[in-house]
Amino acid sequence: MYLRSPARASTVLSPMLIGAGALALLASALIAFIFFVVLGEAMAALGEIGLWRFLTDASWHPSSGEFNLLPMVAGTGLVAAGAMVLAMPLGLIAAVFVTFYAPSPVATAYLRLIELFAGIPSVLYGLWGLVVLVPIIADLAAPGSSLLAASLVLALMVLPTIALIATMSVRSVPLERIQAARALGFTKASTMVKIVIPSARKGLAVAAILGAGRAVGETMAVMMVAGNIVQVPESIFEPVRTLSANIALEIAYAMDVHRSALFVSALVMIAFVVLATALLEFVTNKQAMPDVHPD
Amino acid sequence: MSTLTSAANPSRGLRWDAWAIVLWIGAGLIMAAFLWVLLDLLGRGLGQISWSFITEAPENAGRAGGIGPILVSTLLILMVCLAIAVPLAVGVAVFLSELLPHRSRLRRIVQISLDALAAVPSVVFGLFGNAFFCIQLGLGFSILSGGLTLACMVLPLLIRTTESSIRAVPQRYRLAATALGMTRSRVILRLVVPLAVPGIVVGTLLALGRAMAETVALVFTSGYVDRMPGSLLDSGRSLSIHVFDLAMNVPGGDANAYGAGVVLIFALLVINGAVLCLAKTWKARSGMAITAAT
Amino acid sequence: MPGKDLESEIRHGHHGGNVMTVAQPCIEPAAHREPERHLWCISDLTVSYGEVIALSSVSLNIKENSVTAVIGPSGCGKSSLLCCLNRLTDFIPGCCVSGRILMHSKDILGGQIDDTRLRKQVGLIFQKPNPFPLSIRRNFELPLREHGIRDRQEIEHIMQSTLEATGLWKEVKDRLNKPAHQLSGGQQQRLCIARALSLRPDALLMDEPCSALDPISSGQVEELVLSLRERYTIVIVTHNLSQARRLGTDVALFWLRDGKGTLVESGPASQVFEAPRDDLTKLYLRGAIA
């Protein structure tokens, strides 16, 4: 881009530079500001309850002074893990399918549809889960609203994101490398497993991180199908409550320490985000990846 | 010949090995699941749509009546969101792409913090909006609070798309303008930003889709009230919240939840189509690709 | 590939190095023998991009109202020279300029002339035609408004007269509101020349203006240059020796010596082409080396 010589540096300090620079600072400070606002709200609970009791209390009963977040942390982790276990292989299948196996009109249409599904509001996935999926699971094992239902709905929600990013990274595997493998007598299938997927692993890692981030943060769809009972589930048919659902369910009536405790759980989620972003920076090392947006 | 080439020339002479079968079946199942969601929604919801459903106020907690006031609230929230976020994003994007050296440390800091912002779960945005806009700034549960919260949320996406469309303006136009004696700020304001407008519009549409899909961040900020809003400081229920509320909290509200869901999907389809059309016509007209990702 | 043109030089300019324009103090008025005839008096001009020295101590006087053809192989600093003359070097990352260029006896490197005013006086035509992707009319409006001409009728008048001067008026008068890049390559290049002329410059710098054009368009641009040479000082970089013969009243040959761009020979076209003084020039003109 433009660089100017020091001799004319003074003209660079135009009102425009100052204005746009101020906006950029504002935008980049926003994440810190959000963190401090949430931290400020959480301070009351952190002071009164202390960090330790969030892990050791008997359970989560804010009205009787019990604030154990672990069941919700476990619920979030299990639901997200279940979703990722389903969505990652499926996303990879979709990516390899559109890149190497589908005739090009099919591939184009397939990607268009996946893009469309990436934009469908989570509340509509939740609605489908609630009305269609939960009754089906309830036939297998009551009550239907369960870890399984939440994982399935969530898997469907994160699948488009994962499939799109995976497609991008599989497509960016150099053609020569694939042709070289074929020339060496690799079958199509083993080229896939031994060349394409390892070459695309960076992009696949990005897809996994972004997908997991989305799965952990998702609230509405999960809340609609997970049953929302505070417990560590013993089977996939038991209801669970996630951190985000916990916030959404209780913030409306929570007061004082209870409200503040909910902000503590938001801090936990922010901590996860920071971790995921750091991991993403580490994996991509920037520049190396095409622009990938969490969606 | 190798069949393993690009997507443009993929399947001629395809051997039906076990992998191909697995992949076709897998891809088919994925699509079937999505189509199940979509067709279920359309099948149950399309019957609800009528002129009166679009225009009338909800009655009996939404079981009867329509979604008129909810559409108005949704539009107002989106307008507030974009009115704040778009100018901010254009300013930041100009700073990042035109004024900062390409490899400066400041630029990297800004980008990392925007990446982090993009990764923040919407429930956290909701809590932040509730604590800051509703309570600390005293805006209460209002359309304004909701719109401002959404503006924070879509900001990273908007900045990204705007920045890449500004970058897509070829350097030779900047040089030509400079060689004609235009100052740098004029080159940016009069030439570069106007040339990037179609890309900015596409980015705005994408942000609009994202904002319209959002539910939880609005529950805590713009609230649940389903009356026609009188001002931006009134609480207003968005379409997505309406779907959620009818499905979860109102026994017998399913039918209208589906109706509202279909309206939501339809709006998103329109946005999606507009994005595709714009990107195509713009590319044909100016030869510059829109690099906004979905 | 016709070597490094202006744009690619600017795009690929070395990053990281400090950007500096070092101007030597004006010691003596250059060209005191013929003060009226030279528009630019260049002395000891050196241009470097980081470690790479594109031009090494070049001294050259450029006559007013004449066409100076700058020839030489790729990468010998011809485009860098043009960039210095309207100080577009300010925009090349890592570019360092030293020496002195007097224009109308004012040192343009030392900041005696405001750079935007300098660029208004010195138009630049790029290798690849680059009208703005806007309407033809807007291509004139934008720079004219920048320089304080806001009156619609005046803009219209200037646009028409420059388009007539470039022989484009008849071809485009019915499509002034159509996008400029729908014109043919040759038309686009003439539009760019017209756009530069609309600012009433003293001089035009042309960086291989015909190399991206077909022979017919190329011929039209050449004719245009010939018609302009009475009124403007033109410096044209070209790879095409016969073009240099056709257009040039003066010629400057640059060469890459020890990795540095240097001026080998300059003078009136007749002298350089008919009786070159330098052996290198002789060989180059015979086509023995390139």
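Residues numbered from 1 in each chain as written. Chains lettered and ligands numbered in written order. Predicted model: local features only at pLDDT ≥ 70, side-chain atom pairs only at ≥ 80, totals over all residues. Heavy atoms only, no water.

Here's the deal with the overall build of chain C
Right, on to step 1. A count of helical and extended segments in chain C gives 11 helices and 11 strands.
Right, on to step 2. Per-residue burial for chain C yields a buried fraction of 57% across its 290 residues.
Right, on to step 3. Entry remark: accessible area of chain C is about 12200 Å², with carbon and sulfur atoms responsible for 47%. (Helix = DSSP H or I, 4+ residues; strand = E, 2+ residues; numbered from the N terminus. Buried < 20%, exposed > 50% of the residue type's maximum accessible area, 1.4 Å probe, protein only. Areas by Shrake-Rupley, 256 points an atom, 1.4 Å probe, with all protein chains shown as cover.)

Focus: the environment of Leu45(C)
All names here are of chain C.
Right, on to step 1. Positionally, Leu45 belongs in strand 2 (residues 38–49).
Right, on to step 2. With a relative accessible area of 0%, Leu45 lands in the buried category.
Right, on to step 3. With 52 residues separating them along the chain, Leu45 and Val97 place their C-alpha atoms 7.3 Å apart.
Right, on to step 4. The residues touching Leu45, leaving out its near neighbours within four places in the chain, are Leu55, Ser56, Ser57, Val58, Leu81, Cys84, Val97, Ser98, Gly99, Ile101 and Leu109. (Contact = heavy atoms within 4.5 Å.)

Brief notes about the environment of Thr89(C)
Residues and elements named next belong to chain C.
Right, on to step 1. Position of Thr89 among the secondary structure elements: in the loop between helix 2 (78–85) and strand 5 (95–103).
Right, on to step 2. The exposure class assigned to Thr89 is buried, which follows from its relative accessible area of 4%.
Right, on to step 3. Here the alpha-carbon distance between Thr89 and Val47, two residues 42 residues apart in the chain, equals 9.1 Å.
Right, on to step 4. What Thr89 contacts, discounting residues up to four positions off in sequence, is Cys83, Cys84, Cys95 and Val97.

Brief notes about helix 3 (residues 68–99) of chain B
Right, on to step 1. Between its terminal C-alpha atoms helix 3 of chain B stretches 45 Å, which fits the 46 Å expected from 32 residues at 1.5 Å a residue.
Right, on to step 2. In terms of burial, helix 3 of chain B is a largely internal element, 23 of the 32 residues being buried. (Expected span 1.5 Å × (residues − 1).)

Some details on the interface of chain A and chain B
Right, on to step 1. At the interface, 89 residues of chain A touch 97 residues of chain B.
Right, on to step 2. Around 8700 Å² of area is buried between chain A and chain B when both sides are counted, 77% of it from carbon and sulfur atoms.
Right, on to step 3. Where chain A touches chain B, the interface holds one salt bridge.
Right, on to step 4. The salt bridge partner of Glu281(A) is Arg108(B), with a shortest N-O separation of 3.2 Å.
Right, on to step 5. Inspection of the chain A/chain B interface yields three residue pairs in polar contact (both at pLDDT 80 or more).
Right, on to step 6. If you tally residues by element for the side of chain A that touches chain B, the top one is helix 2 (residues 15–48) of chain A, at 16 residues.
Right, on to step 7. The residue inventory of the side of chain A that touches chain B, partitioned by class, reads 65 nonpolar, 12 polar and 12 charged. (Buried area = accessible area lost by both parts, 1.4 Å probe. Salt bridge = Lys/Arg side-chain N within 4 Å of Asp/Glu carboxyl O. Polar contact = N/O pair within 3.5 Å; in protein donor to acceptor, adjacent residues only side chain to side chain. Nonpolar A, V, L, I, M, F, W, Y, C, P; charged D, E, K, R; others polar.)

Quick word on the side chain of Ser135(C)
Residue and element names in this part refer to chain C.
Right, on to step 1. Tracing the backbone shows Ser135 in the loop between strand 7 (122–125) and helix 4 (136–146).
Right, on to step 2. With relative accessibility at 18%, the residue Ser135 sits in the buried group.
Right, on to step 3. A distance of 3.1 Å separates a polar side-chain atom of Ser135 from the backbone nitrogen of Arg138.
Right, on to step 4. Leaving out residues up to four positions away in the same chain, Ser135 has contacts with Leu176, Asn177, Lys178, Pro179 and Ala180.

Regarding the side chain of Ser235(B)
Residue and element names in this part refer to chain B.
Right, on to step 1. Here Ser235 shows up in the loop between helix 9 (216–219) and helix 10 (239–249).
Right, on to step 2. Note on Ser235: relative accessible area 14%, which makes it buried.
Right, on to step 3. Within polar-contact distance, the side chain of Ser235 engages the backbone oxygen of Ser222 at 2.7 Å.
Right, on to step 4. Filtering out sequence-adjacent residues up to four positions away, Ser235 remains in contact with Phe141, Ser142, Ile143, Ser222, Gly223, Tyr224, Val225 and Pro229.

What to know about the packing of aromatic side chains
Right, on to step 1. Evaluation of the coordinates by the stated rule reveals 13 aromatic pairs over all chains.
Right, on to step 2. A ring pair is formed by Phe33(A) and Phe132(B), whose centres lie 4.8 Å apart and whose planes are at 85 degrees; its orientation type is edge-to-face. Here Phe132(B) lies in helix 5 (residues 122–136) and Phe33(A) lies in helix 2, a pairing that spans two chains.
Right, on to step 3. For Phe33(A), a relative accessible area of 34% corresponds to the partly exposed category.
Right, on to step 4. A relative accessible area of 16% means that Phe132(B) is categorised as buried.
Right, on to step 5. Geometrically, the ring pair formed by Trp255(C) and Tyr284(C) is edge-to-face, given 5.3 Å between the ring centres and 80 degrees between the ring planes. (Phe/Tyr/Trp six-rings, centres within 6.5 Å; stacked < 30°, edge-to-face > 60°.)

Some remarks on the confidence of the model for chain C
Right, on to step 1. Residues at a pLDDT of 70 or more form 87% of chain C, whose mean pLDDT is 83.
Right, on to step 2. pLDDT under 50 marks residues 1–36 of chain C. Its contacts with residues more than four places away, or in other chains, come to 77 contacts. (pLDDT = per-residue confidence, 0-100.)

Some thoughts on the sheet that holds strand 8 (residues 203–207) of chain C
Residue and element names in this part refer to chain C.
Right, on to step 1. Taken together, six strands build an open sheet; the order of strands is 7-8-9-4-10-11 and the sheet is mixed. Each end of this open sheet is capped by a strand with a single partner; those strands are strand 7 and strand 11 (260–268). This sheet shows a mean twist of 15 degrees between the axes of neighbouring strands, independent of strand direction.
Right, on to step 2. Here five bridges tie strand 8 to strand 9 (residues 233–237), and the two strands are oriented parallel to one another. Its bridge partner being in strand 9, Ala203 is matched across the sheet by Thr233.
Right, on to step 3. Docked against the sheet, helix 11 (residues 279–286) engages strand 4 (67–71), strand 10 (250–257) and strand 11, running at close to 100 degrees with respect to strand 10. (Pairing = 2+ DSSP bridges. Axes fitted to C-alpha atoms, helices over the stretch in contact; angles between N-to-C directions.)

Some remarks on unusual backbone geometry
Right, on to step 1. Residue Pro143(A) is bonded to the preceding Ala142(A) through a cis peptide linkage, with omega at 0 degrees.
Right, on to step 2. Following the sequence through the fold, Pro143(A) ends up in the loop between helix 6 (122–140) and helix 7 (147–171).

Let's talk about the environment of Val122(C)
Right, on to step 1. Among the structural elements, Val122(C) can be located in strand 7.
Right, on to step 2. Separated by 36 residues in sequence, Val122(C) and Asn86(C) have C-alpha atoms that sit 6.1 Å apart.
Right, on to step 3. Aside from chain neighbours lying at most four places away, what touches Val122(C) is Ala179(B), Trp40(C), Leu85(C), Asn86(C), Met103(C), Pro201(C), Ala203(C) and Leu205(C).

Focus: the packing of helix 5 of chain B against helix 6 (residues 143–167) of chain B
Residue and element names in this part refer to chain B.
Right, on to step 1. For the pair helix 5 and helix 6, interaxial distance at closest approach is 9 Å and the crossing angle is 135 degrees. Classified by the angle between their axes, helix 5 and helix 6 sit oblique to one another. Here helix 5 and helix 6 pass one another in a crossing that is right-handed. Contact with helix 5, carried on its side by Ser122, Phe125, Gly126, Phe128, Gly129, Phe133 and Cys134, involves Ser145, Leu148, Thr149, Cys152 and Met153 of helix 6 and no other residues of that element.
Right, on to step 2. Classifying every residue of the contact of helix 5 with helix 6 gives seven nonpolar, five polar and no charged. (Parallel < 35°, antiparallel > 145°, perpendicular 65-115°, else oblique. Left-handed = near helix turned anticlockwise from the far one by under 90°.)

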